[in-house]
Amino acid sequence: MILVLLIVILIAGGVLAWLLGRWSAMAARIVSLLALAADFVLILFLWVSTYERLNCAGQSWISEFYLPWIPQFGINFHLAMDGLSLVMAGLVAFIGLAAILCSWSEIRERAGFFHFNLLWNLAGIMGVFLAVDLFLFYFFWELMLVPMYLLIGIWGHENRNYAAMKFFIFTQASGLFMFIAILGLYFINARNTGFYTFDYLNLLQTALEPAEARLLAAGFLIAFMVKLPAVPFHNWLPDAHTEAPTAGSVILAGLLLKTGAYGILRFVIPLFPQASLDFRYIGMSIGVVGIIYGAKLAFAQADLKRLVAYTSVSHMGFVMVGSFAANELALQGAVMQMVCHAVSTGALFILAGALQERLHTREIGTMGGYWRDAPRMGGVALFFALASTGLPGLGNFVAEFLVLAGAYRVNLPITVLASLGLVFSAVYGLWIIQSIFHGGGETPAKVGDLSLREMSLLGAMMAVILWLGLFPQPMLNTVKASLEAIREQTGLTQVGSEHLREANSYPHFTRSCPPKPAGQDVPMSRSTGGTRATPEGGLRLPANQPIGFLRRQ
Amino acid sequence: MTLVELHEMIPLLILGGAVVPLLLTVSFYRNLKLTVALTVLIFIAAFTSLFFAPKPVRTDGSLLSMDGYALFYIGLFLAASLVVALLSYGYVRERKDDCQEFYILLILATLGASVLAAANSFIPLFLGLEILSVSLYVLISYLRGFTRCIEAGVKYLILAAASSAFLLFGIALFYAECGTMDFKGISEILQIQGMPTPLLYAAFGLLFVGFGFKLAIVPFHMWTPDVYEGAPSPVTAYIATVSKGAVFSLLVRFFFIMGAHQYKKLLFLFSAIAVASMFTGNLLALRQENVKRVLAYSSIAHLGYLLVAFIAGGDLAVEAAAFYLVSYFITTLAAFGVVAALSGGERDADSIEDYRGLFWQRPWLAAALTAALLSLAGIPLTAGFLAKYYLVAAGMKARLWALVIILIINSAISIYYYLRIVAVMYAEPDAGQNAGRTAFSSSPAAGVALCVMTLLLVWIGVYPQTLITIINAVINYAYPF
């Protein structure tokens, strides 16, 4: 029930904000803020109350909501939450709060409709992270597009129509391929079992021919790689990020991109384990190309928001590498990267928005020497630039390190190339600081420093990055069981991770869980209407199949 | 004709019979309000009578079969005609003084469409089609003061007459080969023959030219943009919905009874036509600057989508086609309803520029048009999304991979031109250009109709179960084929 509440609060808050916005922009802002705060509190409550359970491997969903929707087709309104979706839902609420606070003074016209779109977009994203019915997932996947389209198209900058249209067509077209893949899976499952259902847990057991699995996985991957974005499909991102209003950029970078990564982790790998292993090196290579190409393009940009947008391409490459390396460390790193990138890039967009609000330009060439007038802004920017370059002690370092450590066990050359991303990010990260806050600048325009609102918002984001950098274990514990389930599905055996666990986990932080009986290593077994297949369900590799790093031993 | 048969025919009798007193009323006492009220009453009476239809007895050789399938579509046509009547009240009144005959023609056209939905033989097929067409010729050019209307009417007249000739020739060939006009009888002869003779293939082809013209699928689509643009907006809505829906319902019935799905050559022909319609409609819509033309090309593409379900065949396809048509009817009526509501007395609001900033001036109308356009594009929360899901599911079930992929690609192309209109509506309004929009002509009737259409659009998009249950119950009430 609490899950559906999370979405309903956002939807109702959006409608209320729109209605109130006709009279007062401030009322719309406050209503949206309250709606998101309520969501945030609910998620925190869920987290605290289930933290013990999350730490134990083999847990089921921590919360679930089920309602028949179109029973004739086996479509259900089925939401469920495990550690991974909990983290992502928390991120939605947090980034949502940031988006509303950062547009507090930026959006003066039509504030009601703006907040309506913002909240409905967030509701769609929340739904994506919670849906475990594939039809419902696609429903939410599409639902989040229209509000974002309007956010960019109405409140965006100069070239907004082009950017909004490009964003919409890219994501919608790629989503349709996923839709076909979902239907393909649905009919194949029905052919095998005579039972029409879109339920995630039931579809997990679909036995697929390798060729079918590869085609279907490709359908899903196209949608997720466009959202992520992975390199050949990244084209929409710089335009959309640059032209969107600040809140739109924050949500795009912080949440929309994460839906792609989440989709790979939640759907592609568990549903098509063998196919994902076949795609493994291709996926990792695409990630590496993204890391290097994104960093290079970032350095070449003259527009501040465009620069930050390309750093997203680079950083999301790490998520791609981590997801496809698919061992414990790499997956943890991928999730860490999703969270840290959301916060740090969101903050950079907020700073870019703050600068644009003050200077009415995003041209880096016209900026310079603002540290004098705006030392707080400079300090905050330095913090997030360093976070984005992966300074130890900050969350992004933990994330990228984990990804690289995991990928190292899979493929050395790819890891070496990926680690170049850290070097390149130092180049553009420091360059931002140098050219905007240091340097002469022929026309040292007066720049007002950050206001109390902006400062407290960015302060909270800094706290999160610091927390994740210094003490990442609670976050890792939260997602551990979900990632374990994903990794198990790929059939990569325990051997590797046992070995890694000894080397890398912090024994004093891990909780003691009741020992699980042998043969019951089945997480999330509370499926609706179907039972889970035996581990010998035909999907897994033999336990000693030599794959990747295992070959080395 | 037995009493039971007479009982079955009541919906058609109401429509046909009501025209006479209405004509008499109009000749003695011309009052638009009264005429519209009577028209609405007639549609409601005919609709209500559908619920009292007797369970049909299957009598082979009957001209009309009022089975569940026919009742469902007749109900749909009556509801759509009712909406058109409401939409046109303010629109026609503004442009012409004595326009009572408009409604009489509307009832007659609906009668023709209803006959098509129930036709079980070539004779009612041709009669129904001609009643529909002749009424449409007049309806399209009804506003004699506007040259565009006359042009559109003449264009439609010439092409429709030519296509009727093809249709008649096809019917003649069928009769020459089979010696019967009855669908069932022809299908039995086809069963015996095993393979159709070349002459019968030609007959199928000629027949399809006639149908294809009405459905406006490629290569018989040339008239669509001009007629859509020239005809009064409510009439355009009528052509796009009832006229096409009637022919499509007939097409499905005819080919299912014929068992035409076993003839691979025909299916290949249909697939080619479907693909061509999708691409032609969507690609040509991209560069249009006129909303009515955009909707015209989009309707060509939508009929292409619909053909995918038709080609797929099977129970799911009948269901999918019905669901798709219902959602397409609602969407199209909402879209043209907004166009009609916005049009001033001089010209229709059909240029895209007429819509600039509409959302900030008339938020409800813009919201209705946005919902309609998103539904046409197949975005969730609208009926169009589930309709598209139905089509793709039907196609996938029949393993028409290529067609489904082409449908998906086209659906992606189509987003561009739908969103272009949406983008204009949400842009900054021009100060001077659209000042005339305040002189906006609409009647409460049109407002209510539009409001209901939009709500239905969202309702079906969120909770389709009701409609699915109705479709299943009514169509399977007496499974027709």
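Calculation criteria
Residues numbered from 1 in each chain as written. Chains lettered and ligands numbered in written order. Predicted model: local features only at pLDDT ≥ 70, side-chain atom pairs only at ≥ 80, totals over all residues. Heavy atoms only, no water. Helix = DSSP H or I, 4+ residues; strand = E, 2+ residues; numbered from the N terminus. Rg over C-alpha atoms; globule rule 2.2 N^0.38 Å. Buried < 20%, exposed > 50% of the residue type's maximum accessible area, 1.4 Å probe, protein only. Contact = heavy atoms within 4.5 Å. Areas by Shrake-Rupley, 256 points an atom, 1.4 Å probe, with all protein chains shown as cover. Axes fitted to C-alpha atoms, helices over the stretch in contact; angles between N-to-C directions. Parallel < 35°, antiparallel > 145°, perpendicular 65-115°, else oblique. Left-handed = near helix turned anticlockwise from the far one by under 90°. Core = buried A, V, L, I, M, F, W, Y, C linked by side-chain atoms within 4.5 Å. Domains from an automatic or database assignment. Buried area = accessible area lost by both parts, 1.4 Å probe. Salt bridge = Lys/Arg side-chain N within 4 Å of Asp/Glu carboxyl O. Polar contact = N/O pair within 3.5 Å; in protein donor to acceptor, adjacent residues only side chain to side chain. pLDDT = per-residue confidence, 0-100. Patch = residues over 30% accessible without salt bridge, like charges linked within 9 Å, V, L, I, M, F, W, Y side chains within 5 Å. Expected span 1.5 Å × (residues − 1). Phe/Tyr/Trp six-rings, centres within 6.5 Å; stacked < 30°, edge-to-face > 60°. Lys NZ or Arg CZ within 6 Å of the ring centre and 35° of its normal. Nonpolar A, V, L, I, M, F, W, Y, C, P; charged D, E, K, R; others polar.

## As for the overall build of chain B
Summing up its helical and strand segments, chain B has 20 helices and zero strands in all. Whereas a compact globule of 481 residues would reach a radius of gyration of roughly 23 Å, chain B reaches 21 Å, a difference of no more than 12%. Projected onto the principal axes, the alpha-carbon positions of chain B cover approximately 70 × 55 × 40 Å. Among the 481 residues that make up chain B, the fraction classed as buried is 65%. If you take every contact in chain B between residues at least 6 apart in sequence, the share linking residues at least 24 apart comes to 82%. Split by element, the accessible area of chain B, about 16200 Å² in all, is 71% carbon and sulfur.

## Remarks on the packing of helix α9 (residues 198-215) of chain B against helix α11 (residues 233-258) of chain B
Residues and elements named next belong to chain B. Interhelical geometry of α9 versus α11 gives an angle of 155° and a closest axis separation of 9 Å. When the interaxial angle is binned, α9 and α11 end up roughly antiparallel. Crossing handedness for the pair α9 and α11: left-handed. Taking contact as the criterion, the partners of Phe 204, Leu 207, Phe 208, Phe 211, Lys 214 and Leu 215 in α9 are, on α11, Ser 243, Lys 244, Val 247, Phe 248, Leu 250, Leu 251, Phe 254, Phe 255 and Met 258.

## Some points on the nonpolar core
A:Leu79, A:Phe220 and B:Phe248 are the most contacted members of the largest nonpolar core, which has 419 residues in total. Top contributing element to this core by residue count: helix α14 (residues 315-342) of chain B, with 21 residues. Taken domain by domain, this core gets at least three of its residues from each of domain 1 (1-55 + 76-278) and domain 2 (294-502) of chain A. The residues contacting A:Leu79, other than those within four sequence positions of it, are A:Leu3, A:Val4, A:Ile7, A:Ser63, A:Glu64, A:Phe65, A:Leu130, A:Ala131, A:Val132, A:Leu136 and A:Phe140.

## Observations concerning the domain arrangement of chain A
Residue and element names in this part refer to chain A. If you check the domain split of chain A, you get domain 1 (1-55 + 76-278) and domain 2 (294-502). In this structure, domain 1 and domain 2 have C-alpha centres spaced 21 Å apart. In this assembly, 53 residues from domain 1 lie in contact with 46 residues from domain 2. Together, the buried faces of domain 1 and domain 2 total about 4200 Å²; carbon and sulfur atoms form 73% of this surface. Considering only the side of domain 1, the residues that lose the most area to domain 2 are Phe 94, Thr 242 and Leu 265, jointly responsible for 13% of the buried surface there. Where domain 1 meets domain 2, there are two salt bridges. Note that Asp 239 and Arg 306 form a salt bridge whose closest N and O atoms lie 3.5 Å from each other. At the junction of domain 1 with domain 2, the criterion picks out 15 residue pairs in polar contact (both at pLDDT 80 or more). Mapped by element, the contributors of at least two residues to the side of domain 1 that touches domain 2 are α2 (25-55), α3 (83-102), α9 (210-227), α10 (236-243), α11 (246-271) and α12 (273-278).

## Considerations on unusual backbone geometry
Cis rather than trans, the peptide bond between A:Leu228 and A:Pro229 has omega equal to -10°. With respect to the helices and strands, A:Pro229 occurs in the loop between α9 and α10. With an omega of 5°, the peptide bond running from B:Val218 to B:Pro219 counts as cis. With respect to the secondary-structure elements, B:Pro219 resides in the loop between α9 and α10 (223-230). Backbone geometry at B:Ala216 places phi at a positive 55°, although glycine is not the residue there. Following the sequence through the fold, B:Ala216 ends up in the loop between α9 and α10. B:Ala216 gets classed as buried once you look at its relative accessible area, which sits at 0%. Non-glycine residue B:Arg399 carries a positive phi angle of around 60°. With respect to the helices and strands, B:Arg399 occurs in the loop between α17 (383-397) and α18 (401-425).

## Some details on the confidence of the model for chain A
Residue and element names in this part refer to chain A. On average, residues of chain A score 85 in pLDDT, and 87% of them are at 70 or above. When the elements of chain A are averaged for pLDDT, helix α21 (residues 494-504) gives the smallest value, 43, and helix α4 (residues 111-130) the largest, 95. Contacts of residues 494-553 to residues separated by more than four positions or lying in other chains number 97 contacts, the stretch itself having pLDDT below 50.

## A closer look at a nonpolar patch on the surface
Taken together, the side chains of B:Val448, B:Val452, B:Leu456, B:Val458, B:Trp459, B:Val462 and B:Tyr463 present a nonpolar region at the surface, about 560 Å² in accessible area. With respect to the element layout, B:Val458 can be found in helix α19 (residues 444-462).

## Considering helix α15 (residues 328-359) of chain A
End to end, α15(A) covers 46 Å across 32 residues, agreeing with the expected 46 Å (1.5 Å per residue, within 8%). Within α15(A), 30 of the 32 residues are buried, which leaves the element mostly enclosed by the surrounding structure.

## Observations regarding the packing of aromatic side chains
Evaluation of the coordinates by the stated rule reveals 81 aromatic pairs over all chains. With a centroid separation of 5.9 Å and an interplanar angle of 65°, the aromatic rings of A:Trp69 and A:Phe135 are classed as edge-to-face. Pair noted here: A:Trp69 is in strand β1 (residues 63-70) and A:Phe135 is in helix α5 (residues 134-143), with a separation of 66 residues, a long-range link. The class of A:Trp69 is buried, set by a relative accessible area of 8%. On the accessibility criterion, A:Phe135 (1% relative accessible area) is buried. On the basis of an interplanar angle of 85° and a centroid distance of 6.0 Å, the ring pair of A:Phe113 and B:Trp360 is categorised as edge-to-face. Of the two residues, A:Phe113 sits in helix α4 while B:Trp360 sits in helix α15 (residues 358-361), which places them in two different chains. If you follow A:Lys227 out to its NZ or CZ, it ends over the ring of A:Trp141, 3.8 Å from the centre. A cation sits over an aromatic face here: B:Arg95 above B:Tyr91, 3.6 Å from the ring centre.

## Examining the interface of chain A and chain B
Where interface size is given, it is often the accessible area lost as the parts come together that is meant. Each side of the interface is counted separately: chain A has 38 residues, and chain B has 39 residues. For the chain A and chain B pair, buried surface summed over both sides reaches about 3400 Å², with 79% attributable to carbon and sulfur atoms. Of all residues in chain A, the largest losses of buried area upon contact with chain B belong to A:Phe73, A:Arg110 and A:Ile180, amounting jointly to 16% of the total for that side. As a salt-bridge pair, A:Arg110 and B:Glu428 come within 2.8 Å of each other at their nearest N and O atoms. Inspection of the region where chain A meets chain B yields four residue pairs in polar contact (both at pLDDT 80 or more). Contributing elements (two or more residues each) for the side of chain A that touches chain B: β1, α4, α5, α6 (145-155) and α7 (160-193) of chain A. The element that contributes the greatest number of residues to the side of chain A that touches chain B is α7(A), accounting for 15 residues. Among the residues forming the side of chain A that touches chain B, the class breakdown is 29 nonpolar, four polar and five charged.

## Remarks on the environment of B:Leu143
All names here are of chain B. When you line up the elements, Leu 143 lands in the loop between α6 (122-140) and α7 (147-178). With relative accessibility at 3%, the residue Leu 143 sits in the buried group. The spatial distance from the C-alpha of Leu 143 to the C-alpha of Ala 274 is 34 Å, given a sequence separation of 131 residues. Apart from the residues lying within four places of it in its own chain, the contact partners of Leu 143 are Tyr 91, Val 92, Arg 95, Lys 96, Cys 149 and Pro 232.

## Quick notes on the packing of helix α13 (residues 280-299) of chain A against helix α14 (residues 304-325) of chain A
Relative placement of two packed helices is described by the angle separating their axes and the distance separating the axes. All names here are of chain A. Between α13 and α14, whose axes approach to 7 Å, the crossing angle comes to 160°. The orientation of α13 relative to α14 falls into the category roughly antiparallel. As for how α13 packs across α14, the hand of that crossing is left-handed. The residues of α14 that touch α13, namely those facing Arg 280, Gly 283, Met 284, Ile 286, Gly 287, Val 288, Gly 290, Ile 291, Gly 294, Ala 295, Leu 297 and Ala 298, are Leu 307, Tyr 310, Thr 311, Val 313, Ser 314, Gly 317, Phe 318, Met 320, Val 321, Phe 324 and Ala 325. Along the lines of polarity and charge, the residues of the contact of α13 with α14 split into 15 nonpolar, seven polar and one charged.

## Describing the pattern of salt bridges
All names here are of chain B. For the coordinates displayed, the defined rule picks out 19 salt bridges over all chains. Note that Glu 229 is salt-bridged to Arg 293, the shortest N-O span being 2.6 Å. You can see Glu 229 sitting in helix α10 and its partner Arg 293 sitting in helix α13 (residues 291-312), a full 64 residues away along the chain. Judged by its relative accessible area of 18%, Arg 293 falls in the buried class. Salt bridges here are not isolated pairs; linked through shared partners, they connect Glu 151, Lys 155, Asp 226, Glu 229 and Arg 293.

## Section: the environment of B:Val154
Residues and elements named next belong to chain B. Looking at the element boundaries, Val 154 is found in helix α7. Take Val 154: its relative accessible area is 40%, and that puts it in the partly exposed class. For the pair Val 154 and Val 227, spaced 73 residues apart in sequence, the C-alpha separation works out to 9.3 Å.

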